[in-house]
Amino acid sequence: SDEVVGTVSGEGWSSTLRGDLAKAKPEFLSSRYTMAISGNTNAAIAPGGSGFGTVHFDAAGGAHFKGALADGTKFNQRIPVSKNGLVPFYLPLYNGSGSLLSWLQLTNNSVSGDAIWIKKAAAKGLYQGGFTNIGTINGSSYSSTNASILDIHQGIVTLSGGDLNGALTNDV
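In this text, all values refer to a predicted model and were calculated from it rather than measured experimentally.

Some points on the overall build of the protein chain
Working step 1: Helix and strand counts for the protein chain come out as 0 helices and 14 strands.
Working step 2: The C-alpha atoms of the protein chain give a radius of gyration of 21 Å, which is well past the 16 Å a tight globule of 172 residues would have.
Working step 3: A separation of at least 24 residues holds for 38% of the contacts in the protein chain among residues at least 6 apart in sequence.
Working step 4: Counting every atom, the protein chain has about 11100 Å² of accessible surface; 53% of that belongs to carbon and sulfur.

Shown next, in the form of structure tokens:
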């Protein structure tokens, strides 16, 4: 079987373990994905907004995740993918004082999973009290083309408002 199951327990607690054999990139998966990583809706207590990232595969089937979290923390990590498209997404953060973890499910057109983003309390820096964000990671597949998105050979850009002294106009 390509799956291992079990439990780990201690005094007063128990947890189920599951592991899938990492395989070469399953054929049903797309080659590239983009994703959004939710932040907190209250930026006073934890990073607000969303992070972002991309996923692509190497020749051995490893998924390469690259992006930035809502607080600007960048990540770049290679993670194996199971034959069913499951990814144990784990990012150690803040020099061992935090982490982001999720079981991501990749399909032929999407990436999704619940996520937990944690930062321990620290004496300095942002969010000194630490935080725990329960959120989601969602995205979709995409294919790149070399074609122009807009077929513009000559154009004019005009910007106005936003406390500008006057409209700005440029040929493009």
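From this point, the narrative continues.
Describing the side chain of Asn133
Working step 1: With respect to the element layout, Asn133 can be found in strand E12 (residues 131–141).
Working step 2: We classify Asn133 as buried; its relative accessible area is 4%.
Working step 3: At 2.9 Å, the side chain of Asn133 forms a polar contact with the side chain of Asn40.
Working step 4: Beyond its immediate stretch of four places on either side in the chain, Asn133 contacts Gly39, Asn40, Ala46, Pro47, Ala115, Ile116 and Trp117.

Cut-off values and rules
- Residues numbered from 1 in each chain as written.
- Predicted model: local features only at pLDDT ≥ 70, side-chain atom pairs only at ≥ 80, totals over all residues.
- Heavy atoms only, no water.
- Helix = DSSP H or I, 4+ residues; strand = E, 2+ residues; numbered from the N terminus.
- Rg over C-alpha atoms; globule rule 2.2 N^0.38 Å.
- Contact = heavy atoms within 4.5 Å.
- Areas by Shrake-Rupley, 256 points an atom, 1.4 Å probe, with all protein chains shown as cover.
- Buried < 20%, exposed > 50% of the residue type's maximum accessible area, 1.4 Å probe, protein only.
- Polar contact = N/O pair within 3.5 Å; in protein donor to acceptor, adjacent residues only side chain to side chain.

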